[in-house]
Amino acid sequence: MAETTKVVAKKRDRAGKGGARSSRRDGLIPAVIYGDKQAPVMIAVDPTSVERVMLREGFFNHRLQIDVEGTTIDALPRDVQVDPVTDKPLHLDFLRIGPDSIITVQVPVHFRNEAAAPGIKRGGVLNVVMHEITVRTKPASIPEYFEVDLTGLEIGHSIHMSTLNIPADVRVVTREKDPTVATIAAPTVVREAAAQAAADAAAAASGAPAAEGAAPATGAAPAAGAAPAGGAAPAAGAAPAAGGKAPAPAKK
């Protein structure tokens, strides 16, 4: 199950941009806790207690215990606004959770034993379709991650959702019955060769261009110097065709 982290905070005297700027001047991160059918609580968070977990995988499904001046509130991170230049957090949103809350979170997928997959050893590529899986569950049942064992998998093998170890009290949110999580794809060279072969086959099926030297289509204009359709060109100095008149002699 996902771990729980303690966060230290204090109440903010006022909301709005002025209160947020005041918290930042004090070296704190302005934040709000909402949800669980209770009024929002405006707080300022000690950055040292939260920045160390913000960079971890699956931060948004990490349970937090926020100590607000002696009162502990269970929550999940819901949003982080960061400075576009420094990447420092400017504001945090937390969702308050109770023991019976049903929440939606994204659980990361981990892949292990790539070296034990014959398909990858032969140059196959692990094509990850789902880096995270959306689930609905109670806070105490949030999985830290789902694990996929690649041992023995060959090129062309697909890993489906049904092969994962999903706890009974965790419901996967998906529109497909058994979606693909990952596949072992063929090497790039093989895929490119297959694509070229498919393109060549498609070109052949659509009709190849006429071969060089083939007769022109009916009604097409003859090539330069070619005989008109229906007869060969007369040779130089040849007699005129039967019934034709001889050319008049040149005058002296």
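Heads up: the structure comes first, above all this text.
In short, a report on the structure. In this text, all values refer to a predicted model and were calculated from it rather than measured experimentally.

Basis of the calculations
- Residues numbered from 1 in each chain as written.
- Predicted model: local features only at pLDDT ≥ 70, side-chain atom pairs only at ≥ 80, totals over all residues.
- Heavy atoms only, no water.
- Buried < 20%, exposed > 50% of the residue type's maximum accessible area, 1.4 Å probe, protein only.
- Helix = DSSP H or I, 4+ residues; strand = E, 2+ residues; numbered from the N terminus.
- Pairing = 2+ DSSP bridges.
- Core = buried A, V, L, I, M, F, W, Y, C linked by side-chain atoms within 4.5 Å.
- Arc of directions from axis to C-beta.
- Contact = heavy atoms within 4.5 Å.
- Patch = residues over 30% accessible without salt bridge, like charges linked within 9 Å, V, L, I, M, F, W, Y side chains within 5 Å.
- Areas by Shrake-Rupley, 256 points an atom, 1.4 Å probe, with all protein chains shown as cover.
- Salt bridge = Lys/Arg side-chain N within 4 Å of Asp/Glu carboxyl O.
- Lys, Arg positive; Asp, Glu negative; His and termini not counted.
- Charge placed at Lys NZ, Arg CZ, Asp CG, Glu CD.

**Re the pairing of strand β6 (residues 89–96)**
With seven of eight residues buried, β6 is to be regarded as a mostly interior element. As judged from the four bridges shared by strand β2 (residues 29–35) and β6, these two strands associate in the parallel manner. Directly across from tyrosine 34, in β6, lies its bridge partner leucine 95. Taken together, the seven bridges between strand β5 (residues 71–82) and β6 define a ladder with antiparallel strand orientation. Residue pairing for β6: glutamine 81 is matched across the bridge by histidine 91. The hairpin turn running from β5 into β6, its antiparallel successor, is six residues long, and aspartate 87 in that turn takes a positive phi close to 65°.

**Side note on the sheet that holds strand β9 (residues 132–137)**
Pairing is mixed across the open sheet formed by four strands, whose spatial order is β10-β7-β9-β12. This sheet does not close on itself; its edge strands, each paired only once, are β10 (146–149) and β12 (171–172). Sheet topology note: the strand β7 (residues 103–112)/β9 ladder contains six bridges and is antiparallel. Within the sheet, the bridge partner assigned to proline 108 lies in β9 and is glutamate 132.

**Notes on the nonpolar core**
Core analysis: the biggest nonpolar cluster contains 25 residues, and Ile103, Val105, Ile133, Val135, Leu150, Ile159 and Leu164 have the highest contact counts within it. If you list the elements that add at least two residues to this core, you get β7, β9, β10 and β13 (180–185). Top element by residues in this core is β7. It accounts for four residues. In this structure, Ala9, Ala31, Ile66 and Ala75 belong to the second largest nonpolar core, which totals 19 residues.

**A look at helix α2 (residues 47–54)**
By the burial criterion, the buried members of α2 are Pro47, Ser49, Val50, Val53 and Met54. Relative to the axis of α2, the buried residues are bounded by an arc of 160° and lie together on one face. Residues of α2 that are buried make contact with β1 (4–11), β2, β3 (38–45), β5 and β6.

**Let's talk about a positive patch on the surface**
A surface patch of positive charge is lined by Lys17, Arg21, Arg24 and Arg25. Its location among the elements puts lysine 17 in helix α1 (residues 16–25).

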